[in-house]
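# Observations on the model geometry
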Amino acid sequence: MKRYVIETWGCQMNVHDSEKMAGILRGCGYEEAPSAGEADLVLLNTCSVREKAAAKVFSRLGALRRLKRARPSMILGVCGCVAQVEGETIFRRAPWVDLVMGPRNLAQLGDLLERARRDGRSISLARDDDPIVFPSGTAARAQGPKAYVTVMEGCNKSCAFCIVPQTRGREVYRDTEAIVAEARDLAAGGTPEIELLGQNVNAWHHGPDDLAALLHRIDRLPGVRRLRFTTSHPGHLTPRIMEAMRDLPSVCNHLHLPAQSGSDRVLKRMRRGYTRAKCLAKIDWLRRAVPDMAFSTDLIVGFPGETEEDFLDTLDLVRAAGFAQIYAFAYSRRPGTEAAAATDGVPAEVQSERLQRLFRLQEEIAARANADLVGRTFEVLLDGPSRLDDDVVKGRTRCNRIVHLPANPAAARGFLQARIVRAHPHSLTGEPAAPASAA
Ligand code: SAM
């Protein structure tokens, strides 16, 4: 049997794309290899959102060259966003690569492999008007209590910093019934948590249905105990979606809402299409409507033209919103985006100093918010042993906080009521407050 390895960088969409690719490969008779050194096929599923992520792909390709030299029959492929952006250039920079495939082309993986074997090389890059195939029921998902379900591909926003519309193309929405059927099958097969995925997930619509209608449909499915969706754009967070978050028992009390900046001037230059006040008003509404509502966000620091005052507005937004978690990045210039032409870039030292200040503030806020949870009891969905300590299992609350608990081999998975005994900036320690129940 032939063996594969897929190495994945980047967002949840890439993680799930890799699961879909693994499903296709298993359908072609492959099984997973423990490491690239033992594989007949190595696929890098790449991210180009920041320059560093894209550069890592070429350094990994450099390392894989040795393997390819030792075993020329091994097929080496570059997939995902770097593949789409760099295209043929990959063959020029790394001639030992056999296959290049954009993120919209993954349903063609089987054909591309055959062509690479037959002709020595194959490439498929998507055009915006190519039809999208949403593979259904074939993804080889990671083991665990949660499953990703794709609802759309692409992004129609034109954020000045972002390369995603170039790599993933225009928005294409998956059919309501196909999404519901996939969620139904997953829940019936014992997966209690579903996370709907799209680059701009709250813009999803199909016929008369919007995301709120989809949440209502999936909430009613037997066995769906937790429902999440990501990534939301603040501008598309409608009252109907917020009401669904308030009203539907399965929809979790956590939302990842990338604000990007707290300065209206910067938001305008980023072409985000909302103001800081509008973003905060939605956060406030949800906080009042949904018990223990938690938010996480993405922030970009040092976008061209960002002044110290703009940055202080971002710190202020972080305080006002009380994010449980932030993913903050120094702005990275991406060729082909609108902001790439800016001539008022922020020096790297200033970017990194601002990033440090932002992380320090966030640690304080998160540590305080987590300390408030000590002594309370939460439902935790366990997802197995901790990677660092065999005597500990970990899971998540509905509000998406990570909880570590003493291991109990009889109950490493499933739901558990846990009393929080200690708080840390990025996680909680708990102890069982009641016996585990089956997932
Ligand atoms: N579609 C989502 C959105 O628009 O909010 C997520 C897009 S991206 C895959 C994930 C995060 O990477 C973004 O929210 C943004 O904070 C960050 N990002 C995107 N482009 C960037 C850039 N050029 N430099 C630094 N960070 C960037």
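Along each chain, numbering runs from 1 in the same order as the chain's sequence is written. In view of the model being predicted, local features appear only for residues whose pLDDT reaches at least 70, and side-chain atom pairs are presented and counted only at 80 or more, with totals across whole chains, interfaces and linings using the full set of residues. Water and hydrogen atoms were dropped before computing side-chain values, which therefore reflect all heavy atoms in the structure.

## Quick look at the pairing of strand S21 (residues 428–432)
- We treat two strands as partners when DSSP finds at least two bridges between them. By definition, any uninterrupted DSSP run of H or I lasting at least four residues is a helix, any uninterrupted run of E lasting at least two residues is a strand, and each is numbered from the N terminus. Across two bridges, the pairing between strand S19 (residues 402–406) and S21 is parallel. Opposite His-404, over in S21, you have Thr-429 as the bridge partner.
- Note: strand S20 (residues 413–423) against S21, five bridges, orientation antiparallel. Looking across to S21, one finds that Ile-420 is bridged to Gly-430.
- Where S20 hands over to S21, the hairpin turn is made up of four residues, counted between the paired strands.

## Here's the deal with the packing of aromatic side chains
- Aromatic contacts are taken between Phe, Tyr and Trp rings whose centres are within 6.5 Å, Trp giving its six-membered ring; a plane angle under 30 degrees counts as stacked, one over 60 as edge-to-face, and the others as tilted. Applying the stated rule across the entire model yields one aromatic pair.
- Centre to centre, the rings of Phe-303 and Tyr-331 are 5.3 Å apart; their planes meet at 80 degrees, and the pair counts as edge-to-face. Residue Phe-303 is located in the loop between strand S15 (294–301) and helix H12 (308–321), and its partner Tyr-331 is located in the loop between strand S16 (325–330) and helix H13 (348–371); the two are separated by 28 residues in the primary sequence. Taken individually, Phe-303 and Tyr-331 each receive the classification buried, so the pair is uniform in this respect.
- In this structure, Arg-50 is placed above the aromatic ring of Phe-329, and the distance from its NZ or CZ to the ring centre is 3.6 Å. Whether a residue is buried, partly exposed or exposed follows from its accessible area with a 1.4 Å probe, protein chains only, as a fraction of its type maximum: under 20%, in between, or over 50%, in that order. Note on geometry: a ring has a charge over it if NZ (lysine) or CZ (arginine) is within 6 Å of the ring centre and within 35 degrees of the ring normal.

## Here's the deal with the sheet that holds S15
- The parallel open sheet is built from three strands, whose spatial order is S14-S15-S16. Of all the strands in the sheet, the pair left with one neighbour each is strand S14 (254–256) and S16. When the angles between neighbouring strand axes are averaged without regard to direction, this sheet yields 10 degrees.
- Sheet analysis places S15 next to S16, joined by six bridges and oriented parallel. To get an axis, a line is fitted to the C-alpha atoms, and for a helix only the part in contact is used. The angle between two axes follows their N-to-C directions and goes from 0 to 180 degrees.

## Details of helix H8 (residues 211–219)
- For H8, a buried count of seven out of nine residues is recorded, marking the element as mostly surrounded by other parts of the structure.
- Those residues of H8 not exposed but buried are Leu-211, Ala-212, Ala-213, Leu-214, Leu-215, Ile-218 and Asp-219.
- The secondary structure elements touched by the buried residues of H8 are helix H7 (176–188), strand S10 (193–197), strand S12 (209–210), strand S13 (226–230) and helix H9 (239–247). Contacts were defined at the residue level, with two residues in contact if any of their heavy atoms lie within 4.5 Å.

## What about the site of the ligand?
- With respect to spatial proximity, 15 residues lie near the ligand, and among them Phe-161, Gln-199, Gln-260, Asp-298 and Ser-332 are the closest.
- Between a nitrogen atom of the ligand and a main-chain N or O atom of Gln-199, the distance comes to 2.7 Å.
- For the ligand, an oxygen atom lies 3.2 Å from a polar atom in the side chain of Arg-272.
- When isolated, the ligand has an accessible area of 560 Å², and the protein chains bury 93% of it.
- When residues of the shell around the ligand are traced back to their parent elements, those giving at least two are S15 and S16.
- Under the scheme applied, nonpolar residues are Ala, Val, Leu, Ile, Met, Phe, Trp, Tyr, Cys and Pro; charged residues are Asp, Glu, Lys and Arg; polar residues are all the others, including Gly. Residue composition of the shell around the ligand, by class: seven nonpolar, four polar and four charged. Here a residue is considered near a molecule or strand provided that any single heavy atom belonging to it is located within 4 Å of it. Counted as a polar contact is a pair of N or O atoms within 3.5 Å, where, for protein atoms, one must be capable of donating a hydrogen and the other of accepting one, and residues adjacent in sequence contribute only when both atoms are in side chains. Every accessible area reported is derived by Shrake-Rupley at a probe size of 1.4 Å, with residue values counting cover from the shown protein chains alone.

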